[in-house]
Amino acid sequence: MDTDPLVTGLTAAVGDAHVLTDPQVTAAYTTDFTRRFSGPARLVVRPADTAEVARVVGVCAEEGASIVPQGGNTGLVGGGVPRGGEVVLSLRRLASVERIDATAMQVTAGAGVPLAELQRSVRAEGLDFGVDFAARDSATIGGMIATNAGGERVLRYGTTRANVAGLEAVPADGGVLERLTGLPKDNTGYDLSGLLVGSEGTLAVITRARLRLVPRPTGRATALLALGSLDDAVSAVTELRALDSLELAEFFLADGLELVCRTSGLPAPFPRPYPVYLLVECAARHDPADELYAALDELACVEDAVVAVDRADRHRLTAYRERHTEAINSVGVPLKLDVSVPLTALAGFVEDLGSLLDSVATSYLFGHLAEGNLHVNLLGAGDRAEELTDAVLRQVAAVRGSISAEHGVGRAKARWLELSRSPTEIAAMRAVKQALDPRGLLNPGVLLPPGS
Ligand SMILES: Cc1cc2nc3c(=O)[nH]c(=O)nc-3n(C[C@H](O)[C@H](O)[C@H](O)COP(=O)(O)OP(=O)(O)OC[C@H]3O[C@@H](n4cnc5c(N)ncnc54)[C@H](O)[C@@H]3O)c2cc1C
């Protein structure tokens, strides 16, 4: 029998089947999706509900054990895996979607519900959740809220923040903060739920969420456009934004498409390669194909285009963009930098990036064009990873961009936070952290720069 008081306390809280200590069993929880971040866990604990999460956090507080909250472990900045010796608190068993409130157009879901599961539940009622992205089968609602995930539909529905109406969470002392009424009007003080969105597990463990839903569009039309330059892609999106039904505008480049086709076996979408590709999708309660065709006809910069309305054909087109992450992962361990820059600076930024990176690493760029959100993926950075991260993030800061557009700061970028946040802002963040987690037990080393 284990005599470690932490193990004994946690076993009493959740049952011994859900306290995992065998490194072979915990391995899936200790390395991130990219394989760049990993570390041993003291143990993994898997509570089933809010009460058990509160007991787990209480036991950890008593024993002075640090906690890494974890959802689907699809995060890309190393925030959800241990650095060495923390307790990994997996939320995946908090996986129930409660009754859908069609009148308020809201639903309450457990932190461990995967995005795809939420989508299945609400779509059956003619509704949808505004946030969507390629990791939908594994990424959880709690992880999405903790990272304020963005994804493919931000241009229409905003980031996760805009789609959260309230939260339930357990702060470091093991209490329960509950704000799940979802009232659209409720001006009774600080917005504690809002504070936890994007807090990356450093302020509290999110257990349930009240989510806003949108009417599910029944008609969809998708187009893949071949273009000569990023400037052309930016102009095309600017024009297409006149369409109320525009929901998605994603870009990728010739080398990324070539890699996706080579590693996935997908056929090339056009008879010859083009420098830039733009994937757009319109969605509405009617068939938006005609308005998309008409808008494309007006775009002089388009060199070739393919339009799909049938579901299978649309999925074939979106796969060229969505398979970038797995294609890059299949040929190496990438250094991933998710940044955003003002749209007017995008083309020049990418050109400067080429001069900086081309001789030292293989880079693949793609992203969410309407938000100037660029995923910079570098292969072969080797022991120059730190130096290249520094150079790229400084270049982002120089054009007044953000060093993290949607993946969060995590461990990967904590030391560069000052490039996007002022000393006064960082001091205010430290004060909030000190108030909610005075002993620094929740996700130490994540988000705030070293020294916090
Ligand atoms: C193929 C692929 C595509 C992706 N595309 C996008 C994209 O388009 N847009 C985007 O924004 N992201 C994207 N991501 C990144 C990732 O999926 C998101 O960051 C997602 O929100 C993470 O959810 P998760 O449940 O996997 O969280 P995890 O990876 O488990 O954790 C992420 C962070 O949240 C914290 N956390 C997790 N659950 C909780 C909780 N219940 N309470 C408190 N803190 C918690 C963790 O401590 C960690 O800091 C992609 C990832 C992959 C692999």
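See above for the structure.
Below or above, wherever it landed, is the structure these notes cover. Note that the coordinates shown come from a computational prediction; the quantities given were computed from them, not determined experimentally.

Notes on the overall build of the protein
Helix and strand counts for the protein stand at 15 helices and 17 strands. Radius of gyration (C-alpha) of the protein: 22 Å, near the 22 Å computed for a compact globule of 452 residues. Overall, the C-alpha framework of the protein stretches about 70 × 55 × 45 Å when taken along its three principal axes. Counting only residues that meet the buried cut, the protein has 55% of its 452 residues in that class. Here the analysis covers contacts within the protein between residues at least 6 apart in sequence; of these, 74% occur between residues at least 24 apart. Accessible surface, the protein as shown: approximately 18,900 Å² in total, 50% of it carbon and sulfur. The averaged location of the 57 negative side-chain charges in the protein is 4 Å from the averaged location of its 42 positive side-chain charges.

What to know about the site of the ligand
Surveying the vicinity of the ligand reveals 35 residues, the closest of which are Pro-69, Gly-71, Thr-74, Gly-75 and Thr-140. In this structure, Gly-72 approaches the ligand through a main-chain N or O atom, which is 2.8 Å from an oxygen atom. Protein burial of the ligand: of its 970 Å² of free accessible surface, 96% is covered by the chains. For the shell around the ligand, the elements supplying multiple residues, two or more each, are strand 3 (67–70), helix 5 (141–147) and strand 9 (204–212). Looking at the shell around the ligand element by element, the count peaks at five residues for helix 5. Of the residues that constitute the shell around the ligand, the class distribution is 14 nonpolar, 19 polar and two charged.

Thoughts on the packing of helix 9 (residues 254–264) against helix 12 (residues 324–331)
Where helix 9 contacts helix 12, the two axes come as close as 9 Å, and the packing angle between them is 75 degrees. The pairing of helix 9 with helix 12 is recorded here as roughly perpendicular in orientation. Between helix 9 and helix 12, the contacting residues are Gly-256, Leu-257, Leu-259, Val-260 and Thr-263 on the first element and His-324, Ala-327, Ile-328, Ser-330 and Val-331 on the second. For the contact of helix 9 with helix 12, the per-class residue count stands at six nonpolar, four polar and no charged.

Some thoughts on the packing of helix 13 (residues 346–357) against helix 14 (residues 385–398)
Two quantities define a packed helix pair, namely the angle between the helix axes and the distance between the axes. With their axes 11 Å apart at the nearest point, helix 13 and helix 14 run at an angle of 160 degrees to one another. When the interaxial angle is binned, helix 13 and helix 14 end up roughly antiparallel. For the crossing formed where helix 13 meets helix 14, the hand is right-handed. On the side of helix 13, the interface is formed by Phe-349, Asp-352, Leu-353, Leu-356 and Leu-357, while helix 14 contributes Leu-388, Ala-391, Val-392, Gln-395 and Val-396.

Description of the sheet that holds strand 3
Read across the open sheet, the four strands follow the order 1-2-4-3; overall the sheet is mixed. Looking at strand neighbours, the two that pair on one side only are strand 1 (19–20) and strand 3, the edges of this open sheet. Alignment of strand 1 against strand 2 (residues 41–45), held across two bridges, turns out to be antiparallel. Directly across from Val-19, in strand 2, lies its bridge partner Val-45. On the sheet, helix 3 (residues 50–63) packs against strand 2, strand 3 and strand 4 (86–90) and is oriented at approximately 175 degrees with respect to strand 4.

Some details on the pattern of salt bridges
If you walk through the whole model with that rule in mind, you get 28 salt bridges. Note that Asp-128 is salt-bridged to Arg-123, the shortest N-O span being 3.1 Å. On the basis of relative accessible area, Asp-128 is assigned to the buried category, the value being 2%. The shortest N-O distance in the salt bridge between Glu-250 and Arg-321 comes to 2.7 Å. With Glu-250 in strand 12 (residues 246–253) and Arg-321 in helix 11 (residues 311–322), this pair connects stretches of sequence that are 71 residues apart. Take Glu-250 and Arg-321: they sit in the same class, and that class is buried. In this structure, a network of salt bridges that share partners links the residues Arg-123, Asp-128, Asp-132, Arg-136, Glu-152, Arg-153, Arg-156, Arg-220, Glu-247, Glu-281, Arg-314 and Glu-322.

Here's the deal with the sheet that holds strand 12
Ordered by their spatial adjacency, seven strands build an open sheet running 14-11-13-12-16-17-15, and the pairing between neighbours is antiparallel. Two strands close off the open sheet at either side, each with one partner strand: strand 14 (304–308) and strand 15 (335–340). In this sheet, adjacent strand axes meet at a mean angle of 15 degrees when their direction is disregarded. Strand direction decides the pairing type here: strand 12 and strand 13 (residues 276–284), joined by seven bridges, are antiparallel. From the neighbouring strand, Phe-251 faces strand 13, where its bridge partner is Leu-278. Relative to strand 12, helix 9 is tilted by about 90 degrees, and along the sheet it contacts strand 12, strand 13 and strand 16 (362–368).

Quick look at the side chain of His-407
For His-407, the position within the fold is in the loop between helix 14 and helix 15 (423–436). Under the relative-accessibility criterion, His-407 is labelled buried at 18%. Look past the residues within four positions of His-407 in its chain and what remains in contact with it is Leu-76, Val-77, Thr-147, Asp-338 and His-375.

Focus: unusual backbone geometry
Backbone geometry at Arg-35 places phi at a positive 75 degrees, although glycine is not the residue there. Tracing the backbone through its elements, the reader meets Arg-35 in the loop between helix 2 (23–30) and strand 2. At Leu-447, a residue that is not glycine, the phi angle is positive and equals roughly 70 degrees. Residue position: Leu-447 is located in the segment after helix 15.

Scoring rules and cut-offs
Residues numbered from 1 in each chain as written. Predicted model: local features only at pLDDT ≥ 70, side-chain atom pairs only at ≥ 80, totals over all residues. Heavy atoms only, no water. Helix = DSSP H or I, 4+ residues; strand = E, 2+ residues; numbered from the N terminus. Rg over C-alpha atoms; globule rule 2.2 N^0.38 Å. Buried < 20%, exposed > 50% of the residue type's maximum accessible area, 1.4 Å probe, protein only. Contact = heavy atoms within 4.5 Å. Areas by Shrake-Rupley, 256 points an atom, 1.4 Å probe, with all protein chains shown as cover. Lys, Arg positive; Asp, Glu negative; His and termini not counted. Charge placed at Lys NZ, Arg CZ, Asp CG, Glu CD. Near = heavy atom within 4 Å. Polar contact = N/O pair within 3.5 Å; in protein donor to acceptor, adjacent residues only side chain to side chain. Nonpolar A, V, L, I, M, F, W, Y, C, P; charged D, E, K, R; others polar. Axes fitted to C-alpha atoms, helices over the stretch in contact; angles between N-to-C directions. Parallel < 35°, antiparallel > 145°, perpendicular 65-115°, else oblique. Left-handed = near helix turned anticlockwise from the far one by under 90°. Pairing = 2+ DSSP bridges. Salt bridge = Lys/Arg side-chain N within 4 Å of Asp/Glu carboxyl O.

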